[in-house]
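# Breakdown of the fold
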Amino acid sequence: MKIFQKTSSFSSEEKTFVTIGTFDGVHFGHQKIIEKLVSEAKKEQKKSVLLTFFPHPRMVLQKDASIELINTINERANLLEKTGLDYLIIHPFSRAFSRTTALEFVRDILVNQLNISKLIIGYDHHFGKNREGNITQLTEYSHLYDFKVEEIPAQDIDDVSVSSTKIRRALHEGNLKTANHYLGYNFMLNGNVVNGKKLGGKIGYPTANIDIKEDYKLIPKTGVYVVKSTIDKVEVFGMMNIGNRPTVNGNHQTIEVHFFDFNKDLYHQNLTIELLYFLRDEQKFESLDLLIHQLKKDELIARDYIKNNL
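Notes on the structure follow.

### Some points on the nonpolar core
- The biggest cluster of nonpolar side chains holds 54 residues, and the ones touching the most others in it are Phe187, Leu189, Ile210, Met240, Ile273 and Leu275.
- Per-element tally for this core: the top contributor is helix 1 (residues 28–43), with five residues.
- Not counting residues up to four positions away in its chain, the partners in contact with Ile273 are Phe187, Met188, Leu189, Ile210, Val227, Lys228, Ser229, Met240, Val257 and Phe259.

### Section: the packing of helix 8 (residues 164–172) against helix 9 (residues 176–183)
- Put simply, helix 8 and helix 9 touch, their axes get as near as 8 Å, and they point 155° apart. Between helix 8 and helix 9, the angle falls in the class roughly antiparallel. With respect to the hand of their crossing, helix 8 and helix 9 are arranged in left-handed fashion. Of the residues in helix 9, those touching helix 8 at Lys166, Ile167, Ala170 and Leu171 are Leu176, Thr178, Ala179, Tyr182 and Leu183.
- Of the residues belonging to the contact of helix 8 with helix 9, the class tally is seven nonpolar, one polar and one charged.

### Focus: the packing of aromatic side chains
- Across all of its chains, the model carries 10 aromatic pairs by this definition.
- Centroid distance Phe93 to Phe97: 5.8 Å. Interplanar angle 75°. Geometry classified as edge-to-face. You'll find Phe93 and Phe97 in the same group, each marked buried.
- Grouping aromatic residues by their ring pairs yields a cluster made of Phe4, Phe10 and Tyr87.
- The residue whose ring lies beneath Arg303 is Phe260, and the NZ or CZ to ring-centre distance is 4.5 Å.

### A closer look at the pairing of strand 4 (residues 87–92)
- Across the six residues that make up strand 4, a large majority, five, are buried.
- Alignment of strand 3 (residues 47–54) against strand 4, held across six bridges, turns out to be parallel. Residue pairing for strand 4: Thr52 is matched across the bridge by Ile90.

### Quick word on the sheet that holds strand 2 (residues 16–20)
- As summarised here, the arrangement of the six strands in space is 1-4-3-2-5-6, forming an open sheet in which the pairing is parallel. Because the sheet does not close on itself, it has two edges, and the strands there are strand 1 (2–4) and strand 6 (148–152). The average angle at which neighbouring strand axes cross in this sheet is 20°, direction not considered.
- Across five bridges, the pairing between strand 2 and strand 3 is parallel. In the strand pairing of strand 3, Ile20 is matched with Leu51.
- Along the sheet face, helix 6 (residues 135–145) touches strand 5 (116–122) and strand 6 and points at about 160° away from the line of strand 6.

### Description of a positive patch on the surface
- Taken together, the side chains of Lys63, Arg95, Arg99 and Lys129 define a basic patch exposed on the protein surface.
- Relative to the elements of secondary structure, Lys129 occurs in the loop between strand 5 and helix 6.

### What to know about helix 11 (residues 288–309)
- End to end, helix 11 covers 31 Å across 22 residues, agreeing with the expected 32 Å (1.5 Å per residue, within 8%).
- Along helix 11, the positions that sit buried rather than exposed are Leu291, Ile292, Gln294, Leu295, Asp298, Glu299, Ala302, Tyr305 and Ile306. Buried positions in helix 11, seen along its axis, are confined to an arc of 160° and lie on one side of it. Exposed residues lying more than 90 degrees from the buried face of helix 11 are Asp289, Leu300, Lys307 and Asn308.
- Buried residues along helix 11 sit against strand 9 (223–231), strand 10 (234–243) and strand 12 (270–280).

### What to know about the sheet that holds strand 9
- The strand order around the closed barrel built from six strands is 7-8-11-10-9-12, with neighbouring strands paired in antiparallel fashion. Across the sheet, the axes of successive neighbouring strands diverge by a mean angle of 45°, strand direction being ignored.
- Sheet strands in contact with helix 11 are strand 9, strand 10 and strand 12, and its direction is about 100° off that of strand 12.

### Here we look at the environment of Pro220
- Here Pro220 is to be found in the loop between strand 8 (208–211) and strand 9.
- With a relative accessible area of 3%, Pro220 lands in the buried category.
- Spatially, the C-alpha atoms of Pro220 and Leu266 are 23 Å apart, while their sequence positions differ by 46 residues.

### Comments concerning helix 8
- Within helix 8, the full set of buried residues consists of Ser164, Ile167, Arg168, Ala170 and Leu171. For helix 8, the angular spread of buried residues about the axis comes to 160°, placing them on one side.
- In this structure, the buried residues of helix 8 make contact with helix 1 and helix 9.
- Remark: Gly174 follows helix 8 within two positions and exhibits a positive phi of approximately 75°.

### Overview of the pattern of salt bridges
- All told, the structure shown has 14 salt bridges when counted by the stated rule.
- For Lys264, the salt bridge identified is with Asp232, shortest N-O distance 3.5 Å. Taken together, the residues span a long stretch of sequence, with Lys264 in the loop between strand 11 (254–259) and strand 12 and Asp232 in the loop between strand 9 and strand 10 at a distance of 32 residues.
- By relative accessible area, Lys264 is classed as exposed at 51%.
- Its relative accessible area of 52% is what places Asp232 among the exposed residues.
- Salt bridges linked by common partners bring Lys36, Glu40, Lys118 and Glu150 together as one network.

Calculation criteria
Residues numbered from 1 in each chain as written. Predicted model: local features only at pLDDT ≥ 70, side-chain atom pairs only at ≥ 80, totals over all residues. Heavy atoms only, no water. Core = buried A, V, L, I, M, F, W, Y, C linked by side-chain atoms within 4.5 Å. Buried < 20%, exposed > 50% of the residue type's maximum accessible area, 1.4 Å probe, protein only. Helix = DSSP H or I, 4+ residues; strand = E, 2+ residues; numbered from the N terminus. Contact = heavy atoms within 4.5 Å. Axes fitted to C-alpha atoms, helices over the stretch in contact; angles between N-to-C directions. Parallel < 35°, antiparallel > 145°, perpendicular 65-115°, else oblique. Left-handed = near helix turned anticlockwise from the far one by under 90°. Nonpolar A, V, L, I, M, F, W, Y, C, P; charged D, E, K, R; others polar. Phe/Tyr/Trp six-rings, centres within 6.5 Å; stacked < 30°, edge-to-face > 60°. Lys NZ or Arg CZ within 6 Å of the ring centre and 35° of its normal. Pairing = 2+ DSSP bridges. Patch = residues over 30% accessible without salt bridge, like charges linked within 9 Å, V, L, I, M, F, W, Y side chains within 5 Å. Areas by Shrake-Rupley, 256 points an atom, 1.4 Å probe, with all protein chains shown as cover. Salt bridge = Lys/Arg side-chain N within 4 Å of Asp/Glu carboxyl O. Lys, Arg positive; Asp, Glu negative; His and termini not counted. Charge placed at Lys NZ, Arg CZ, Asp CG, Glu CD. Expected span 1.5 Å × (residues − 1). Arc of directions from axis to C-beta.

So, in structure tokens, the structure goes:
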């Protein structure tokens, strides 16, 4: 898969099959659309193109600082790479771009820049200035500019109506089983290992402190999780705490991972942490001894889960 950072950088003498959308989560429903795009393009010996946008339109148009996305843009690109797409275009979304009319979008971008042969879109897709473009307009323009349009019905995307909103809600509730089921993969956090207070090492549970620089990345419910990561091409398992560390009077949220049977320096490495199972809510303990006792119980449950489920 080749990545382009704007539509004007892309050119193809071959006709293309295109889909458009934010695709936050690249969840099971998204994957069905992309699978259809890729297979139909190959069948017709055309190139498959996914056009997405960054920043998220709400970040630009509503200055929505509270927006939380399931994937960072790099995570989204990595997930899309696994789908068999030929091309990914990540077009910058701006206020100026938001004023592009539906006609301009179809004529200037889809037809003139992407050389479109067929557009495959999800149910109830809107685009263009004030979201004025819809399936009716697309069908009209397709006759004018000689390309085909296929809208995938809602029931064909997923019987349980997968949506990014439902996945976000499940993650906020600690319902990791539902979130990972809808995603079709394990929800992940990606960040650099930074220096912490080193308290974990003193109580027998050294941790890697994960710093996530993208402030729009969704952080799930505080609590303790069973996790895995791939370090130096080896899968390692452990448990992760998301929270404020109330037992030691912490005053800001941290993400700390303790890996089992692992003793390597991870400082300044970039790690992807996959969340497998929600163990428990964060608690405040009256003493460090009680915290250590709980951590030992957490470890037993986590190891048992890994042994019996993975």
